[in-house]
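# Structural description and commentary
If you want the building blocks of each chain, they are given just below.
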Amino acid sequence: MDTHITTLDQFDTEYTADSVEWCPNPGYTSLLVCGTYQLNSHIPDSSGPQKKGRVYLFQVSEKKLHLLQTIECAAVLDQKWNEKSDVPTLTVALESGFISIYTIDNDKEPLLVWKEDVQVATNGLALSIDLLASRTLVSDSLGKISLLDNGTVTENWKAHDFEAWITVFDKWDETRVWSGGDDTKLKVWDLRCLPSAALTSRKHSMGVCSFHSNPYKEHVMASGSYDEHVFIWDTRQMKSPITDTHIGGGVWRLKWSPHNGDFLLAAGMHNGFSVLDCKVYSQNQPIIAQYTEHKSLAYGSDWSHGEELGLIASCSFYDHLLHLWKLSI
């Protein structure tokens, strides 16, 4: 499997790294961000251990990572670019319970400019983000989901008994939202009928921590869990997933390949990063490649949205490394 992979570059993030997102906006696809989360156990404080983070902005050219900017902030849990905005806009989920919103200023070179902070969780951590046009979804450590429109919270509801690790929009149905929690439950929500869940599934046996709605193929949703399984669902019938693939590590993030949605990139925590061939659905999807160059927990990963297919960035936690690699597909 590894013969398909070439490591191109790496960067030491200093703090533990947990989030990578390539910019999808036309004209900016050479940009990517990496987010970090650092626990400062040696700083005494009555409210508990201090946490801090950074957002790194890179430009990739000639298959190398070029650092453009470093932003000091609270610890970063997740990041998302808004692919529908005219100017690239980045939203960052922070352990402080806030989200920070940045836009790209391209006066001389592309740089992130702070726009605003919005509090979404009181006494909790903002854990995940998803964006759909002017709307933002945020899940938090209190088990709640917040829906924002143009930066204003319009809905906030209790979704899970413990941490709500992940929430996403259904790319094909703007009224439908998915969430996963440490209570092992996968839930589907109709935004017109809150706060009751439209569906609850317990097919995963441990905490549900990743989703990605396939933006190229209708009715296709991928889910991942600490139980080390990747499920692919037909959203028209949710009794059971249509495929079940064991990847050998907790599935922290899932990303469909850009341009076609034929491949699924999975961050497998203790077992590196796996790429599943999903051109045809079967009981178990073939794992066509596995990237194991990271020596610590595999957390953040994403595909480049540029013209070069198979260009991937990934990051790992305790060894605080960002890798750039190429997969031949």
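In this report, we go over the structure that sits alongside the text.

On to the packing of aromatic side chains. All chains considered together, the criterion is met by 13 aromatic pairs. Arranged with centres 5.7 Å apart and planes meeting at 70 degrees, the rings of Trp165 and Trp252 form a pair that is edge-to-face. With Trp165 in the loop between strand S14 (152-158) and strand S15 (166-170) and Trp252 in the loop between strand S22 (243-246) and strand S23 (253-256), this residue pair connects regions lying 87 residues apart in the sequence. As far as burial versus exposure is concerned, Trp165 and Trp252 are alike and both buried. Aromatic side chains Trp178 and Phe211 sit 5.7 Å apart centroid to centroid with 70 degrees between the ring planes, which places their arrangement in the edge-to-face category. Highlighted residues: Trp178 in strand S16 (residues 173-180) and Phe211 in strand S19 (residues 208-213), separated in sequence by 33 residues. As far as the burial class goes, Trp178 and Phe211 line up, both buried. In this arrangement the basic side chain of Arg54 is found over the ring face of Tyr15, its NZ or CZ atom lying 4.0 Å from the centre.

What the rule picks out here adds up to 15 salt bridges. One salt bridge in this structure joins Lys279 and Asp277, with 2.8 Å as the shortest N-O distance. On the accessibility criterion, Asp277 (17% relative accessible area) is buried.

Further remarks concern empty space enclosed by the protein. On inspection of all chains with the given rule, the structure shows one cavity of 30 Å³ or more. By volume, the largest cavity amounts to about 50 Å³. Lining the largest cavity are Asp18, Ser19, Val20, Glu21, Leu77, Asp78, Trp252, Arg253, Lys255, Gly300 and Ser301. The set of elements that each furnish at least two residues to the lining of the largest cavity consists of strand S2 (17-22), strand S7 (76-81), S23 and strand S27 (298-303). Here the lining of the largest cavity gets four residues from one element, more than from any other, and that element is S2.

This part is about the sheet that holds strand S18 (residues 199-201). In sheet architecture, strand pairing relies on hydrogen bonds along the backbone and comes in two forms, parallel and antiparallel. Taken together, four strands build an open sheet; the order of strands is S15-S16-S17-S18 and the sheet is antiparallel. Bordering the open sheet on either side are S15 and S18, each of which pairs with just one other strand. Recorded for the sheet is a direction-independent mean angle of 20 degrees between the axes of neighbouring strands. Bridging between S16 and strand S17 (residues 186-190) involves five bridges; their strand directions are antiparallel. Looking at the pairing, Gly180 lines up with Leu186 of S17.

A few words now on the environment of Glu62. When you line up the elements, Glu62 lands in the loop between strand S5 (50-61) and strand S6 (64-73). Separated by 54 residues in the primary sequence, Glu62 and Leu8 have C-alpha atoms spaced 9.7 Å apart.

This brings us to the environment of Ala74. For Ala74, the position within the fold is in the loop between S6 and S7. Sequence separation of Ala74 and Val55 is 19 residues, and the distance between their C-alpha atoms is 9.6 Å. Look past the residues within four positions of Ala74 in its chain and what remains in contact with it is Lys52, Gly53, Leu94, Glu95 and Ser96.

A few words now on the layout of surface pockets. Where empty space is left becomes clear once a probe the size of a water molecule has been rolled over the atoms. Its boundaries defined by the atoms lining it, the largest pocket holds a volume of some 650 Å³. Every residue lining the largest pocket is counted, 29 residues in all, and those nearest its centre are Glu83, Lys171, His212, Pro215 and His305. Broken down by secondary-structure element, the contributors of at least two residues to the lining of the largest pocket are S2, S7, strand S11 (126-132), S15, S19 and S23. Here the element with the most residues in the lining of the largest pocket is S23; it accounts for four residues.

In this section: the state of the cysteines. Evaluated as defined, the whole model comprises zero disulfides. Free of any disulfide, Cys23 has its nearest cysteine sulfur in Cys34, 15 Å distant. In this structure Cys278 is a free cysteine whose sulfur lies 17 Å from that of Cys209, the closest cysteine sulfur available. Residue classification places Cys278 among the buried residues on the basis of a relative accessible area of 0%.

Glancing now at the side chain of Thr13. Looking at where Thr13 falls in the secondary structure, it is placed in the loop between strand S1 (5-12) and S2. Accessibility expressed as a relative area gives 0% for Thr13, which makes it buried. With near-sequence residues (within four places) excluded, Thr13 lies in contact with Cys34, Thr36, Arg54, Tyr56, His320, Leu321 and Leu322.

When you tally the buried positions in strand S28 (residues 311-316), you get six out of six residues, the bulk of the element. The alternating pattern of S28 places Leu311, Ala313 and Cys315 and Ile312, Ser314 and Ser316 on opposite faces, both of which are buried. Pairing of S27 with S28 involves five bridges; the strand directions are antiparallel. Looking across to S28, one finds that Trp303 is bridged to Ile312.

Within the element layout of this structure, Cys209 appears in strand S19. The exposure class of Cys209 is buried, given its relative accessible area of 0%. Residues Cys209 and Gly224 lie 15 residues apart in sequence; the distance between their C-alpha atoms is 6.1 Å. Once residues lying within four places of it in the same chain are set aside, the contact partners of Cys209 are Trp165, Ile166, Gly224, Ser225, Tyr226, Val251, Trp252 and Arg253.

Analysis parameters
- Residues numbered from 1 in each chain as written.
- Predicted model: local features only at pLDDT ≥ 70, side-chain atom pairs only at ≥ 80, totals over all residues.
- Heavy atoms only, no water.
- Phe/Tyr/Trp six-rings, centres within 6.5 Å; stacked < 30°, edge-to-face > 60°.
- Helix = DSSP H or I, 4+ residues; strand = E, 2+ residues; numbered from the N terminus.
- Buried < 20%, exposed > 50% of the residue type's maximum accessible area, 1.4 Å probe, protein only.
- Lys NZ or Arg CZ within 6 Å of the ring centre and 35° of its normal.
- Salt bridge = Lys/Arg side-chain N within 4 Å of Asp/Glu carboxyl O.
- 1 Å grid on protein atoms, 1.4 Å probe; cavity = no way out; pocket = protein on both sides within 12 Å on 5 of 7 lines; lining within 4 Å.
- Points joined across faces, edges and corners; volume = space filled by probe spheres on them.
- Pairing = 2+ DSSP bridges.
- Axes fitted to C-alpha atoms, helices over the stretch in contact; angles between N-to-C directions.
- Contact = heavy atoms within 4.5 Å.
- Disulfide = S-S within 2.5 Å.

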